[in-house]
Amino acid sequence: MRILGIETSCDETGVALYDSDCGIVADALYSQIELHAEYGGVVPELASRDHVRKLIPLIKEVMAKAGSQPADLDAIAYTAGPGLVGALMVGASVAKSLAYAWGIPALSVHHMEGHLLAPLLEDPAPQAPFVALLVSGGHTQLVNVASIGQYQILGESLDDAAGEAFDKTAKMLGLGYPGGPNVAKAAQQGNASRFRFPRPMVDRPGLDFSFSGLKTFTLNTRNKCAEADAGLTPEDVADIAWAFQDAVVDTLTIKCKRALKQTGSKQLVVAGGVSANLLLREKLADMVAKLGAQVFYPQLRFCTDNGAMIAFAGYQRMLAGQEADLKVKVRARWPMTEL
Ligand code: ATP
Ligand code: MG
Ligand code: FE
């Protein structure tokens with residue numbers, strides 16, 4: 001079976017073709033980062049307009065790269081939420097229109113299920129049941145995955161997502177958008193012994209997260225440095241980036257360990273933009289080794305938003321017998337437990 005996947009929930013236009021025999025055959029991604037950089041965050045109206053400009057050319061590109069014709073396709077999968085409604089509507093209406101014209105079903109996909117299933121495209125792939133940590137720009141969740149499609153939230157952020165905290169830290173340090181990769185890069189030059197930032201909620205039981213207090217702590221530290229005689233120096237920026245990243249990674253690692261112990265699972269799946277963080281991968285590798293467990297990730301380019309994860313999740317939805325109709329319905333908010 002061949003499924004075309006379309007992702008337009010935020011600031012990436014992603015398209016990919018998944019083949020159930022040979023995996024991802026072709027994919028293409030257009031990131032709007034430069035478009036939004038001068039505003040320091042995603043501007044929804046600009047995002048929608050850019051998806052309109054880029055989506056059809058990307059679909060043509062992927063179909064050409066794959067040497068595929070519309071007649072080779074069995075379905076089109078598109079992100080129906082959660083995300084920016086205007087941006088989602090672009091993907092949904094293009095997907096529905098093409099599906100109607102080509103006489104195939106259009107399947108709605110949950111963006112976070114897409115992230116969650118991306119590691120299953122790798123070899124070796126995790127086998128459900130497993131525990132998943134979803135860490136992205138809008139979500140920080142620990143999920144018990146009984147089987148594909150059966151999700152129980154074990155814990156989540158009560159305020160900011162981990163990726164959002166990276167983005168805000170980058171902004172206060174003048175490192176630009178998106179923050180994750182820039183904070184990680186600055187941290188490489190950081191002095192590990194200068195600051196120690198708090199690990200939020202680790203001494204309380206449970207699997208919830210909170211990153212807004214850490215954000216305030218980071219801002220206060222930044223302001224203290226800026227008020228000193230020399231102002232905010234490149235050393236200050238690197239040292240703060242180091243301490244911030246260390247605190248986030250440590251917190252995520254502690255909660256993942258707790259989730260593995262609580263569920264008795266020996267498989268941890270980590271996905272979403274922050275799963276690209278190399279320090280996180282290093283610390284989780286140490287942690288699971290001590291528990292005799294394994295950790296699985298998407299390949300680096302499929303950690304952040306992409307069409308491949310949507311095509312693959314659409315395929316899984318199709319196997320599960322999900323119905324398709326021609327209504328263009330998208331959702332800004334959509335709990336994964338409703339799937
Ligand atoms: P959601 O998936 O929750 O709707 P999103 O789609 O905006 O949110 P993703 O595309 O999965 O999020 O990930 C983007 C986030 O990942 C950003 O917050 C970015 O800063 C963060 N990120 C990307 N690379 C890294 C990295 N190397 N280290 C830390 N964070 C990173
Ligand atoms: Mg993005
Ligand atoms: Fe995402």
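From a predicted model like this one, the values you see are computed outputs, not experimental measurements.

Colleague: Quick question: what am I supposed to make of helix α5 (residues 162-172) here?
Modeller: Think of an α-helix as 3.6 residues a turn; residues three or four steps apart then line up on the same face. Taken residue by residue, α5 has A162, G163, A165, F166, T169, A170 and M172 as its buried positions. Residues of α5 that are buried make contact with β6 (130-135), β7 (140-147), α6 (179-187), α7 (212-227) and α8 (234-263). Directly after α5, the chain includes G174, whose backbone phi takes a positive value near 70°.

Colleague: Just checking my understanding: could you explain the side chain of H36 for this structure?
Modeller: For H36, the location among the structural elements is in helix α1 (residues 33-37). At 2.8 Å, the side chain of H36 and the side chain of Q32 are in polar contact. If sequence neighbours within four positions are ignored, H36 has contacts with D11, G41, V42, V43, L46 and A47.

Colleague: Honestly, the pattern of salt bridges in this entry has me stumped. Any pointers?
Modeller: For side chains bearing opposite charge, pairing can occur when the charged atoms are close. What the rule picks out here adds up to 16 salt bridges. Here D50 makes a salt bridge to K54, at a shortest N to O gap of 3.8 Å. Of this pair, D50 and K54 are both found in helix α2 (residues 44-65), four residues apart, which corresponds to roughly one turn of the helix. The class of D50 is buried, set by a relative accessible area of 4%.

Colleague: Can you walk me through the coordination of the iron ion (ligand 3) in this structure?
Modeller: Six octahedral donors at a metal ideally form angles of 90 or 180 degrees, and four tetrahedral donors ideally form angles of 109.5 degrees. In the first shell of the iron ion (ligand 3), the protein supplies H111 (NE2), H115 (NE2) and D305 (OD), at 2.1 Å from the metal. Of note, the donors binding the iron ion (ligand 3) are all from one chain and are spaced H-x3-H-x189-D. Remark: D305 occurs in the loop between β10 (294-296) and α10 (307-319) and H111 occurs in helix α4 (residues 111-117); sequence separation between them is 194 residues.

So, how was this worked out
Residues numbered from 1 in each chain as written. Chains lettered and ligands numbered in written order. Predicted model: local features only at pLDDT ≥ 70, side-chain atom pairs only at ≥ 80, totals over all residues. Heavy atoms only, no water. Buried < 20%, exposed > 50% of the residue type's maximum accessible area, 1.4 Å probe, protein only. Helix = DSSP H or I, 4+ residues; strand = E, 2+ residues; numbered from the N terminus. Contact = heavy atoms within 4.5 Å. Polar contact = N/O pair within 3.5 Å; in protein donor to acceptor, adjacent residues only side chain to side chain. Salt bridge = Lys/Arg side-chain N within 4 Å of Asp/Glu carboxyl O. Donors = N, O, S within 2.8 Å, 3.2 Å for Na, K, Ca; no water.

Scope: geometric values only; no functional claims are made or implied.
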